Structures are given as structure tokens and as C-alpha cells.
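Each chain is listed here by its residues.
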Amino acid sequence: MSNQADAVSSRRYPPTSEFASQATGQASLYEEAKADRLSFWADQANQLEWHKPFTKTLDWSNAPFAQWFTDGELNVAYNCLDRHVLAGNGDRIALLFEGEPGDTDTYTYRVLTTAVKKAANVMTDLGISAGDRVAIYLPMIPEAIISMLAVARIGAIHSVIFGGFSAEALHTRINDAKASLVITADGGYRKGKASALKPAVDDALAGGHCPSVENVLVVKRTGEAIGWNAHDIWWHDAMAAASDEHTAEAFPAEQPLFILYTSGTTGTPKGILHTSGGYLTQAAYTHRNVFDLKPETDVYWCTADVGWITGHSYVAYGPLANGATQVLYEGTPDAPHAGRWWEVIEKYGVTILYTAPTAIRSFMKTGREIPDQFNLSSLRVLGSVGEPINPEAWVWYRDVIGGGKCPIVDTWWQTETGAIMISPLPGVTSLKPGSAQIPLPGITMAVLDDDAKPVQDGAAGYLTITEPWPSMLRGIWGNPDRYIEAYWSRFEGIYFAGDGAKLDEDGDLWVLGRVDDVMNVSGHRLSTAEIESALVGHPWVAEAAVVGASDELTGQAVVAFVILRHSHVAEAEAGDVNKVLRDHVSKEIGAIARPRQVMVVSELPKTRSGKIMRRLLRDVAENREIGDVTTLADSSVMNLISSKLASGAKD
Ligand code: PRX
């Protein structure tokens, strides 16, 4: 860290007394949780409405398979919708939808509840029942939220697949979950243009490759011409015919709610399974306290897509469980102009903004002149998620976007944790730029060394979670062994999150990033192995190694090293290898996985046991002096790589 950055990160920002006195989450939460962790969580769970109250808070007898609030029964959608209408808040706005300029829509809690009831009837009429899987592949439009809640309402399980994923990725995920229904749209809007979605579903399903799928519901969004199959049904036709009467049935607390696929250290994505009562409890608790929510007056905006966990917990479930009013935005930050986000904030008077450091860094790059043209004075709390936020970006976010008056909550969590785990409480914590600070009340974590001993202050170690928490994943869909192996095998009885961290002298946590083969590009999780397997799937490629190289804007960027097949060298060199292979990855996985650079090499650095030494490749990708090569099977390999790259054969 530079001296200047050091100076920035040693600043402290205590809450103002005005904010502190009115804060939703008070310091007493820490005391209550410390006094009796399980009864603290029972109290949080009891803020939801249970059709049948629970008597048992946690059953950990079959660890690491947890059961929370296990004998209780509830309906997740009822808690997010009907409950608010019945409490007299039916006219409160739930969604302020903002599409392309001029394309807006508003849903009150009453209107949203009716839409979800109809959609629940549509699904039931299509034969979907509790426990069935429904794949959702939609843009950021109200129908995405309506679909998720309707699936939850009937006790079925959704698997939302980010609209940027390819047909191939869609196909793998649909088959892994054996989804019987897919909900998609003809397309969505990106940067002013219609961008098709349905063709990817058609490709994924073509030739009977997804035999579990019986129907595809299609939302008409863009009106562009699309292909039509016997199993396709227009969403609007089905909704028009559906009854708006629907009684929410109670389901057990451990009823599966959703599967969300995320990248792990091996090739195939993992279907992370979340269930109902514990998940909703922690999503609502964190959303309320971390963002200091005042549901009657706040206008909340989380910029994440529903295809990611942040969109599940902090667009769909947390805000709606808390009866919040939120903005739902379909477009990109920079279209039709660079001030689009700030225009949205000014227009709706957004008070709470939750976004990712990569976005903040890109706004920093274009300069404060753009946000300065808008009135952002409504903002009062700012959140950050997805990757470490560098102290300079933190301070810029606070000063330029937050007008120097908004607390920033840097929230650490994962798809697997379901909800925020580490974060300041904005009315309690004295903030430190760059540190996510301490576990939330009710959460217990430790930074451990190789021998499972807590590290000394200032030393780096493994970030672990030492006791079960309500929104923890309940497993990996269809693969209980992989769940144990991936999360519970590094330390006996302790969840290892994959991240490194250090503790400072105040006991605050600094997350250092992944210590495994998972990359973080623009806050999106990608697996080196998944991209490598896409690359070796190309006929030109014999071997591939992928690393995440640090990148000023995106945090990390994908850099690939490939060895070409002898038989294809001439053909590859005659074409644009770099472009062809980058496009190939994009097609196989999705544009987010597209490598920044593909380097052709003649050897890869490997240990004697054949493991690729990514550390050395990262040195090359980041233009650094190459580190210790003594454990290489053949120490001359790095010279070969460097000299080949130096000779200009970079791509
Ligand atoms: O490395 C950590 C990083 O994102 C990973 C989880 O990625 P994903 O499951 O896609 O969920 C992202 C949104 C919750 C973590 O293992 N990460 C997330 N938030 C932070 C972070 N790293 C540092 N600081 C954060 N606030």
C-alpha cells in the first residue's frame, strides 16, 4: 500500500450523534447476541410471520447439515407480500421500475401481491408443485421478482440464471437441477438496444438436451421476432387467464427455496442450496440493520442483477420482507449517458445505495464532474459488496457520492453465506476505509493459521466461520459429499470461506481476497478451472492455465496461457488466436468470463506432482519479476515463457 493509501486507511469516521440516536441497529444487538446467540436468532426469526411457530432454534446434530427453526412453518412470499398488505401497507410502493428512459412502472405491495398470486396459479396450472425446480432467465424487470416470489409461494425451488450466461451455461444448470419449467423473455434492453434472450433458451433446449423441461413461459419485453416451440407459452396470456385468488400454504422452515449456481475451484459450477426460514430471517435482519432501513421513508436501490446472490437477498427477499420501497433498474450505468445512475437517484430520491467497488472505480475514472451535475442529497447510507473496496475508492464514494455525510457499509459475504456476515453497523461502528470490520451480531468468525490457531493481530490467515448461521447454505444440489469436501474439510467442524484475511490491532477484519483458484472479476466469481475447461474444449488448445491478474478497474482480470496442439499451430497462427479463444470462452460461459488476454506458450510451469504453479503465471500476467521457481519440475520453463513473450508473441 502506498503512503498516501496508508494515510487514507488510517482515518476513522464515527457516526454522527444524530445518526446514532436514530439508528435501526443499535449497539445492544451485539450484547444480546453475545449473551445468548440462539435466542438472539430466535428473536430475529420471530420478526417474520410464522404460520406455525418454531420451538427449536437450531439442530446441528447432523453437522455440517444445519436445520434452523426446524419445526416452524411459514410461507416466504406471504412474508414478503400479503403480510404488508394485511398490515395496512398495501398502497406502499414496493418496486419503482426504471427501464430505458421513459419506460417506467410502479408496483405497490397490493399490486405486486396480486401479480404473484396470479403467477403462482399459472405455475400450479402448469403442473408445478412444491419441490419442483423452475429456471428463471430474465432481464432486470418486475417479472423476475414476480417469478421468484411465485415459485416461493407454491413451495417450489427457483434457479435464477444470470441473463449474461450463454446457452451452454444455461443448459448445464437446467440439467443439473432438472428444472421442469423455464421462465424467460424475448429479450431485454441494453444500452438502448434490444438484446435477445429466448434464442439462448431455444439453443439450450434444442434436440431434447434438457429432457426435464416441459414448458417455457415467455415474457414479451422487446417485441422482437423470436422462434416459437410447442412448449412455449406467452406469460401475458397465461397471466390474463389466471385467477388472482391464491392462499399461501405454509411450508416447513427447511423447505428448499432456491438453488444458485456459483463457481468453485473445480470445473462444474456448484448449485448452492438455500432454504426458507433461516434464509429469510437473516436476509431481513441484515437488510434492516446494516442499511439502517426506515421502511416508511427510505427509497432503497441495490444495483445487483437478480442473477447473483446479492440480487436474491438484497433485491428480492430482504427488502420485500422488510416492506421497503426500492428501485429496480434494467439498464447499464453508462447508457444513454454517463450520469444515468445519478439521474435515477435524483429522480426517485434514493436514500440507500448498495453497489460494487468496480462500479465506483469506473465512476472515479470518469471523474466527479458527472455525479456533480445531479442532486444526490437524498442519499444517507452507502453500501459496498463483492470485493475489497480500496480505501481511495471508499473515500471518493463517501465524499463525491455521499456528500461527505453518508456512512459506508462494506459488506462481506458469499453466495454460500446467503446474507451479509461482516459489516459495520452504520449508527454504531467507527468506520475504517477499506475494512469490512467485524462480524455482525449473531455471527462468529475467526482468522486461522494452517494449524487452525487464531492468527496474531496483523498476520494473515484463513477467514473462517466458527458456528452455524441461519442463512448458511444447506448443501450443494445433488452432491452432499462435495459440500463437505468444499467447505468443511480444511478445518474440522469449521466453515472455510475461501478467502484470506487479516486482523488489525483493533480486531477489525481486512479481507485479502481468495486464496483458492476462484477469481473475482468486477465482483463476479469465476473459476479458473471452468475457463480452462472451456479453453481446452477448443480444437486448437492442448493445455490451458488461467489466472486472475490484478486490474485497476475490474479488481481482477482473466489472463489465459495456452499451449496449442501441434496439429493446429499453423491454423491458429494464421488466425487471430487471441480473439478466437477469447470469443470461444465468451460463447461457452458468457461475456463476463472473456479473458482480457490469451498468451500462447510452449510450456506451463508445473510442480513435480504436475500441479500448475499459477503464482508464477500471475507474476508474468502482472508484469512482475518472476518469484521462486525452485519447486518447479523444470525450472527453465519460466525462462522459456518469458523469452517467448518478450519476443513479441504475446497473443
Ligand atoms: O472473495 C470474497 C468476495 O466475493 C466472494 C463471494 O462471491 P459471491 O459468492 O459471488 O458473492 C458476492 C456477493 C456477496 C467472497 O468469497 N467478497 C464479497 N464481498 C466482499 C468480498 N471481498 C472483500 N470485501 C467484501 N465486502
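Refer to the structure above for everything that follows.
Throughout what follows, the structure given in this document is the object of discussion. (Residues numbered from 1 in each chain as written. Predicted model: local features only at pLDDT ≥ 70, side-chain atom pairs only at ≥ 80, totals over all residues. Heavy atoms only, no water.)

## Describing helix α14 (residues 340-348)
Which entries qualify depends on this criterion: The classification of residues rests on relative accessible area computed with a 1.4 Å probe and restricted to protein chains. Under 20% of the type maximum is buried, over 50% is exposed, and intermediate values are partly exposed. We count a stretch as a helix when DSSP gives it H or I for four or more residues in a row; a strand needs E for two or more, and each element gets its number in order from the N terminus.
Among all positions of α14, only Arg-340, Trp-341, Trp-342, Val-344, Ile-345 and Tyr-348 are buried. Where α14 ends, the next residue or the one after it, Gly-349, has phi of about 65 degrees, a positive value.

## Let's talk about the nonpolar core
To be explicit about the condition: As used here, the term nonpolar core means buried Ala, Val, Leu, Ile, Met, Phe, Trp, Tyr and Cys residues forming a set that is joined through side-chain atoms within 4.5 Å. By definition, residues are in contact when any of their heavy atoms lie within 4.5 Å.
Core analysis: the biggest nonpolar cluster contains 161 residues, and Ile-174, Tyr-317 and Ile-531 have the highest contact counts within it. Once residues lying within four places of it in the same chain are set aside, the contact partners of Ile-174 are Ala-135, Ile-161, Ala-179, Val-182, Leu-205, Cys-210, Ser-212 and Val-213.

## A word on the pairing of strand β29 (residues 555-564)
Selection criterion: Note on pairing: two strands pair once DSSP finds at least 2 bridges between them.
Burial runs high along β29: 8 of the 10 residues are buried. With 10 bridges connecting them, strand β28 (residues 541-551) and β29 associate as antiparallel partners. The residue bridging Val-547 from the neighbouring strand is Val-559, located in β29. Counting the residues between successive antiparallel strands, the hairpin from β28 to β29 contains 3 residues. Judged from the 4 bridges that link them, β29 and strand β30 (residues 597-600) form a sheet pairing that is parallel. Each residue of the ladder has a partner; that of Val-562, found in β30, is Val-600.

## Here's the deal with the packing of aromatic side chains
Pairs of aromatic rings are described using the distance from one ring centre to the other and the angle between the two planes. Worth spelling out the cut-off: Only rings of Phe, Tyr and Trp enter the pairing, Trp through its six-membered ring, and a pair is recorded when the two centres are within 6.5 Å. The plane angle decides the type: under 30 degrees is stacked, over 60 is edge-to-face, the rest tilted.
For the structure shown, the criterion picks out 35 aromatic pairs. Relative to Tyr-329, the ring of Trp-301 lies with its centre 5.8 Å away and its plane at 90 degrees, an arrangement referred to as edge-to-face. With a gap of 28 residues between them, Trp-301 in strand β16 (residues 299-302) and Tyr-329 in strand β17 (residues 325-329) connect regions that are remote in the sequence. For Tyr-329, a relative accessible area of 7% translates into the label buried. Here the aromatic rings of Trp-469 and Tyr-495 are separated by 5.2 Å at their centres, their planes lie at 75 degrees, and the arrangement is edge-to-face. Of the two residues, Trp-469 sits in the loop between β22 (460-465) and β23 (475-476) while Tyr-495 sits in strand β24 (residues 495-503), which places them 26 residues apart along the sequence. The exposure class of Tyr-495 is buried, given its relative accessible area of 0%. Taken together, the aromatic side chains of Trp-60, Phe-65, Trp-469, Tyr-483, Tyr-487, Trp-488 and Tyr-495 make up a single cluster linked through ring pairs.

## Considering the pattern of salt bridges
So the rule is basically this: Salt bridges, as used here, are contacts in which a Lys or Arg side-chain nitrogen is within 4 Å of a carboxyl oxygen on Asp or Glu.
Enumeration over the complete set of coordinates arrives at 33 salt bridges. Put simply, Glu-254 and Arg-474 hold a salt bridge, and the shortest N to O gap is 3.0 Å. Of the two residues, Glu-254 is situated in the loop between β13 (251-252) and β14 (256-262) and Arg-474 in the loop between β22 and β23; the sequence distance between them amounts to 220 residues. The network of salt bridges with common partners includes Arg-12, Lys-432, Asp-504, Asp-506 and Asp-508.

## A few points about the site of the ligand
Filter applied, for reference: By convention in these notes, a residue is near a molecule or strand provided one of its non-hydrogen atoms lies within 4 Å of it. Each polar contact in these results corresponds to two N or O atoms within 3.5 Å; when the atoms are within protein, one needs to be able to donate a hydrogen and the other to accept it, and residues that are neighboring in sequence are counted only if both atoms are side-chain atoms. Computed by Shrake-Rupley with a 1.4 Å probe, the accessible areas treat only the displayed protein chains as cover when residues are assessed. Only Asp, Glu, Lys and Arg are considered charged, only Ala, Val, Leu, Ile, Met, Phe, Trp, Tyr, Cys and Pro nonpolar, and every remaining residue, Gly among them, polar.
In the vicinity of the ligand lie 17 residues, with Asp-410, Thr-411, Thr-415, Asp-499 and Arg-514 positioned nearest. Asp-410 places a polar side-chain atom, nitrogen or oxygen, 2.8 Å from a nitrogen atom of the ligand. Contact between the ligand and Arg-525: an oxygen atom at 2.8 Å from a side-chain N or O atom of the residue. Calculation on the ligand without its partners gives an accessible area of 540 Å², and the protein chains cover 96% of this total. For the shell around the ligand, a count of residues per class yields 6 nonpolar, 6 polar and 5 charged.

## Considerations on the environment of Asp-457
When you line up the elements, Asp-457 lands in the loop between β21 (445-448) and β22. With 50 residues separating them along the chain, Asp-457 and Gly-507 place their C-alpha atoms 7.3 Å apart. Filtering out sequence-adjacent residues up to four positions away, Asp-457 remains in contact with Leu-503, Asp-504 and Glu-505.

## Looking at the sheet that holds β24
So the rule is basically this: Note on definitions: angles span 0 to 180 degrees between N-to-C directions of axes, and those axes are lines fitted to C-alpha atoms, for helices only across the stretch in contact.
The strand order across the open sheet built from 4 strands is β21-β22-β24-β25, with neighbouring strands paired in antiparallel fashion. The open sheet terminates on both sides in strands that have one partner only, identified here as β21 and β25 (509-514). Neighbour-to-neighbour, the strand axes of this sheet turn through a mean angle of 40 degrees, independent of strand direction. Summarising the sheet, β21 and β22 pair through 4 bridges and their orientation is antiparallel.

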